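# Analysis of the macromolecular model
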Amino acid sequence: MTIKKIVKWSAELIILILFVWLFSEFQTRNMLSGEKALPNKPLELVNLDTHQIVPVDLYQHNKKTLIYFFAPWCNVCHLSIENLDTLYLEHQASLNIVLIALSYQSSTEVEAFVKQHDLNVPVYLGNEAIRAQFKITGFPSYYVVDQVGQITYASVGFTSETGMKLRTWL
């Protein structure tokens, strides 16, 4: 391999990384940022299992929280949700995970999604007010929140289990 080819491939790799970074920045441009902490009060959401309104803590003082917004019709959500469930099973003691379904026709549609993926993580039903509050414009979207309620990371789109671990520093 010649030096010229190495330089060319390196330049192409740098351009690709820059493109991916710019695309990610564009997708998350309207999401909440870490400039302001989330309110220190639970969200009132419907638990999918019980169909009861329950308080859901968006952050806990002893561990980080991953708030994951999905839609049952979203193909990317279908690809990434099992990564999230594995993370939940392996790291419950150090990571609080909140799954919120949005953009669904009925709770039956969300229940079918959960059953299809045999999810263990609790799932809550969101609504348009929640979607607007968290500025969700695409799926899946997620936020990582630290122990004092600061958003430390926001993203839209697929991420692997390793990617989620890196973003939450597990």
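Further up the page is the structure itself.
Predicted model only: the values in this text are computed from it and were never measured. (Residues numbered from 1 in each chain as written. Predicted model: local features only at pLDDT ≥ 70, side-chain atom pairs only at ≥ 80, totals over all residues. Heavy atoms only, no water.)

## Some details on the packing of helix α2 (residues 75–91) against helix α3 (residues 107–117)
Interaxial distance between α2 and α3 falls to 10 Å at its minimum, and their mutual angle equals 50°. In terms of orientation, α2 lies oblique with respect to α3. Classified by chirality, the crossing of α3 by α2 is right-handed. Each of C77, H78, I81 and E82 in α2 lies in contact with α3, whose residues at this interface are F113, Q116 and H117. Broken down by class, the residue content of the contact of α2 with α3 amounts to 3 nonpolar, 3 polar and 1 charged. (Axes fitted to C-alpha atoms, helices over the stretch in contact; angles between N-to-C directions. Helix = DSSP H or I, 4+ residues; strand = E, 2+ residues; numbered from the N terminus. Parallel < 35°, antiparallel > 145°, perpendicular 65-115°, else oblique. Left-handed = near helix turned anticlockwise from the far one by under 90°. Contact = heavy atoms within 4.5 Å. Nonpolar A, V, L, I, M, F, W, Y, C, P; charged D, E, K, R; others polar.)

## Focus on α3
Where α3 is concerned, the buried positions are V110, F113, V114 and H117. Angular distribution of buried residues about the axis of α3 spans 95°; they occupy a single face of the element. Pointing more than 90 degrees away from the buried face of α3 are the exposed residues T108, K115 and Q116. Of the surrounding secondary structure, the elements contacted by the buried residues of α3 are β3 (64–70), α2, β4 (95–101) and β5 (123–125). (Buried < 20%, exposed > 50% of the residue type's maximum accessible area, 1.4 Å probe, protein only. Arc of directions from axis to C-beta.)

## Remarks on the pairing of strand β1 (residues 43–47)
Bridging between β1 and strand β2 (residues 53–56) involves 4 bridges; their strand directions are antiparallel. Its bridge partner being in β2, L43 is matched across the sheet by V56. Direction of pairing for β1 relative to β5: antiparallel, over a ladder of 2 bridges. Within β5, the residue paired with V46 across the bridge is L125. (Pairing = 2+ DSSP bridges.)

## As for the pattern of salt bridges
If you walk through the whole model with that rule in mind, you get 3 salt bridges. K165 is paired through a salt bridge with E161; the nearest N and O atoms lie 3.5 Å apart. You can see K165 and its partner E161 sitting in helix α5 (residues 161–168), 4 residues apart, about one turn around the helix. The class for K165 is partly exposed, based on a relative accessible area of 25%. Salt bridges sharing partners connect three or more residues here, namely E90, E161 and K165. (Salt bridge = Lys/Arg side-chain N within 4 Å of Asp/Glu carboxyl O.)

## Quick notes on the sheet that holds strand β6 (residues 141–145)
Pairing is mixed in the open sheet, where 7 strands are placed in the order β2-β1-β5-β4-β3-β6-β7. The open sheet has two edge strands, β2 and β7 (151–156), and neither has a second partner. Looking at each pair of strands side by side, their axes are set apart by 35° on average, direction ignored. With 5 bridges connecting them, β3 and β6 associate as antiparallel partners.

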